[in-house]
Amino acid sequence: MTRLGFLLGRARSREGRLLSAAELGKAEFAEGETFEQLEDRLNQELADLRRELFRDTDVAEVCWLKYDFHNLKILLKEKLTEQSLDHYLLPLGKDSLTDFDRTLVRRAAEIYEKTADFCQMDYWVDQEYLRALQALAQKLDRPIQAYARAQAAIAEYKYHYDSATALETLRQKFPNIEIPEAPDEGAVEKALEDYANKQLFAGRYGCGAAAILAFVQAKENEIKNLKILYLSRSRALPDLQNYLRYTYV
């Protein structure tokens, strides 16, 4: 088992490669590269990072759990619809239903069989993810626990969304959240992600698991920002840059 200190050293050595805001603004994309090709390349880059850094550590599960549960929803839909949806799978998570707990798979399938509603099945799977995330977080640093609580609060906000009270609810549930006066859906999504990530980034200077997870999240934000920049430039939509995610670099 890789010791936490050694893993932290490996993450720190790669932290300097993260793009600063200035470097991000100057980022160049390969001529002729489509968005789908860019997305595949960046996803593979993150998958390679996972393989290099997280081969045998307890921290790995909390870092990549969301990808496992994303793939679980896709794999369930493949099985239930008998269609190939492999192009929606991410190379960061488990890629077979046999990799998941049998009870989890069975209960999710039962929800769809009773309701014929993938939204209800997805909601149940998302709740299972949040329960698993919070259980893992309880064994780790306080910033990770705060991040897990923020993710749960965000999911609850979205599930009980009411357009008439949305802004008021946002400010009540998420103290100091940074949102514009008249936010659109994209601005709210950015604000919620930034809010959760800042809980995690508070632990980046420490020597625990939070510093490692903060690095991974910063890398994920960099990838998301590169995709936003690609779309902004390729489609001549400069306002898309208003949705760039916060990172600590």
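Residues numbered from 1 in each chain as written. Predicted model: local features only at pLDDT ≥ 70, side-chain atom pairs only at ≥ 80, totals over all residues. Heavy atoms only, no water.

S.K.: Now, about the overall build of the protein chain: what can you tell me, with residues and values included?
M.R.: Helix and strand counts for the protein chain stand at 10 helices and 0 strands. Mapped in sequence order, the helices and strands of the protein chain form the string α-α-α-α-α-α-α-α-α-α. Rg of the C-alpha trace for the protein chain: 19 Å, near the compact-globule value of 18 Å for 249 residues, within the 12% margin. Here the protein chain, with 249 residues, has 47% of them falling under the buried criterion. Of the contacts made within the protein chain by residues no fewer than 6 positions apart, 65% connect residues no fewer than 24 positions apart. A total accessible area of about 14,000 Å² is found for the protein chain, and carbon and sulfur atoms account for 49% of it. (Helix = DSSP H or I, 4+ residues; strand = E, 2+ residues; numbered from the N terminus. Rg over C-alpha atoms; globule rule 2.2 N^0.38 Å. Buried < 20%, exposed > 50% of the residue type's maximum accessible area, 1.4 Å probe, protein only. Contact = heavy atoms within 4.5 Å. Areas by Shrake-Rupley, 256 points an atom, 1.4 Å probe, with all protein chains shown as cover.)

S.K.: How would you sum up unusual backbone geometry? Please name residues and give values.
M.R.: If you check the backbone angles, Glu82 has positive phi at about 55 degrees while not being a glycine. Inspection of the secondary structure assignment puts Glu82 in the loop between helix H4 (59-81) and helix H5 (102-115). Given a relative accessible area of 75%, Glu82 falls into the exposed group. The residue Ala116 is not glycine, and still its phi comes out positive at about 55 degrees. Locating Ala116 in the fold gives a position in the loop between H5 and helix H6 (118-137). The class of Ala116 is exposed, set by a relative accessible area of 58%.

S.K.: Can you break down the packing of aromatic side chains residue by residue, with the values?
M.R.: Summed over the entire model, instances satisfying the criterion amount to 11 aromatic pairs. Relative to Tyr129, the ring of Phe69 has its centre 5.7 Å away and its plane inclined at 55 degrees; by these criteria the two rings are tilted. A residue pair is termed long-range when its members are at least 10 positions apart, and Phe69 in helix H4 and Tyr129 in helix H6 qualify at 60 residues. The same class applies to Phe69 as to Tyr129, namely buried. Measuring from centroid to centroid gives 6.0 Å for Tyr157 and Tyr161, while their planes differ by 90 degrees, and the two rings are edge-to-face. Looking at Tyr157, the relative accessible area reads 6%, which means it is buried. The lysine or arginine in question, Lys198, covers the ring of Tyr246, its NZ or CZ lying 4.7 Å from the ring centre. The ring centre of Tyr205 lies 4.4 Å from the NZ or CZ of Arg204, which sits over that ring. (Phe/Tyr/Trp six-rings, centres within 6.5 Å; stacked < 30°, edge-to-face > 60°. Lys NZ or Arg CZ within 6 Å of the ring centre and 35° of its normal.)

S.K.: Give a detailed account of the pattern of salt bridges, specifying residues and quantitative values.
M.R.: A side chain of one charge can pair with a side chain of the opposite charge when the charged atoms of the two come close. For the structure shown, the criterion picks out 17 salt bridges. Glu33 is paired through a salt bridge with Arg41; the nearest N and O atoms lie 2.9 Å apart. One network of salt bridges, with partners in common, ties together Arg12, Glu15 and Arg204. (Salt bridge = Lys/Arg side-chain N within 4 Å of Asp/Glu carboxyl O.)

S.K.: Give me the environment of Leu104: which residues, what numbers.
M.R.: Residue placement: Leu104 occurs in helix H5. The sequence separation of Leu104 and Ala11 amounts to 93 residues, and the corresponding C-alpha distance is 32 Å.

S.K.: Which residues make up helix H1 (residues 4-15), and what are the values?
M.R.: Between its terminal C-alpha atoms H1 stretches 16 Å, which fits the 16 Å expected from 12 residues at 1.5 Å a residue. Within H1 the residues assigned to the buried category are Leu7, Leu8, Arg10, Ala11, Arg14 and Glu15. Buried residues of H1, seen end-on, are gathered within an arc of 160 degrees and therefore sit on one face of the element. Away from its buried face by more than 90 degrees, H1 exposes Gly5 and Phe6. (Expected span 1.5 Å × (residues − 1). Arc of directions from axis to C-beta.)

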